[in-house]
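# Notes for the structure review
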Amino acid sequence: MKIGFYSGSFDPFTNGHLHIIKASCQIFDKVVVGIGINTNKTRNYDTEQMKLAIEETLKKANIKNVEIITYQELTVEIAQKYQANFLIRGLRNDTDYAFEENLAQINEEISGLDTIYFRSGVLGFISSSMVMELIHYGRDVSRYLPEPVLNLINSKKV
C-alpha cells in the first residue's frame, strides 16, 4: 500500500490544500493529513475544530482514502509511524520550492523519506496567511476556503 503524508498547520485549511489532497489521492492508496501543533506558535483556529472542518470538507468532496490526524513531533517521525512511503508538499511558486527543497533534503537525510511536490492549483497564489489578512480586513474569502472551513471561521467572528 502506498501512503503519502501531507503535513501543515492548515490554519486555516484552504482550497489550495484541498487541491493537493485531491491530487495526492489519485496517486496514493491512502493519504494521512497531519495537522502539526507547534506550541511556540499561536493558532488562529482550534486544531480539533479545524480537523473536524477538514473531515467534513473531504466527506462533501467524497474523498475516502484520507485520514486526518494531529501531532506534536517531528513530521518524519509521525510519517514513519503511519508507514508513509513519501512526504507530500504543496508548491505555489519558486520561493516555496526553495524553502520546501531545503526541508525535503533534511527530511530525507533524517528518515530516508522522499518528498513529492504538488502544485496548489489555480488558487495557488493564496496562502493561509493571506486569507487571515483578508479576514482581518473584512474581505470575502469564500473563494479561497471550503464551505465547512468558512463556516468555522464565520462562527468565530465577533
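Treat the numbers as computed from the prediction; the structure is a model and nothing was measured. (Residues numbered from 1 in each chain as written. Predicted model: local features only at pLDDT ≥ 70, side-chain atom pairs only at ≥ 80, totals over all residues. Heavy atoms only, no water.)

## Some remarks on a nonpolar patch on the surface
On the surface, a cluster of nonpolar side chains totalling about 380 Å² of accessible area is made up of Phe 99, Leu 103, Ile 106 and Ile 110. For Ile 106, the location among the structural elements is in helix H4 (residues 94–111). Its relative accessible area of 43% is what places Ile 106 among the partly exposed residues. (Patch = residues over 30% accessible without salt bridge, like charges linked within 9 Å, V, L, I, M, F, W, Y side chains within 5 Å. Areas by Shrake-Rupley, 256 points an atom, 1.4 Å probe, with all protein chains shown as cover. Salt bridge = Lys/Arg side-chain N within 4 Å of Asp/Glu carboxyl O. Helix = DSSP H or I, 4+ residues; strand = E, 2+ residues; numbered from the N terminus. Buried < 20%, exposed > 50% of the residue type's maximum accessible area, 1.4 Å probe, protein only.)

## Considering the pattern of salt bridges
A full pass over the atoms with the stated rule returns 7 salt bridges. Lys 60 is paired through a salt bridge with Glu 147; the nearest N and O atoms lie 3.8 Å apart. Remark: Glu 147 occurs in helix H6 (residues 147–156) and Lys 60 occurs in helix H2 (residues 47–60); sequence separation between them is 87 residues. Under the relative-accessibility criterion, Lys 60 is labelled exposed at 51%. Residue classification places Glu 147 among the partly exposed positions, given a relative accessible area of 49%. With a shortest N-O distance of 2.9 Å, Arg 92 and Asp 96 are connected by a salt bridge.

## What to know about the packing of aromatic side chains
Applying the stated criterion to the full structure yields 6 aromatic pairs. Judged by centre distance (5.2 Å) and plane angle (75°), the rings of Tyr 6 and Phe 10 are edge-to-face. Here Tyr 6 falls in the buried class, since its relative accessible area comes to 4%. In this structure Phe 10 comes out as buried when scored by relative accessible area, which is 2%. The interplanar angle of 55° and the centroid separation of 5.8 Å between the aromatic rings of Phe 10 and Phe 13 together place this pair among those described as tilted. Take Phe 13: its relative accessible area is 0%, and that puts it in the buried class. Taken together, the aromatic side chains of Tyr 6, Phe 10 and Phe 13 make up a single cluster linked through ring pairs. (Phe/Tyr/Trp six-rings, centres within 6.5 Å; stacked < 30°, edge-to-face > 60°.)

Such coordinate-based values are descriptive only and should not be taken to indicate function.
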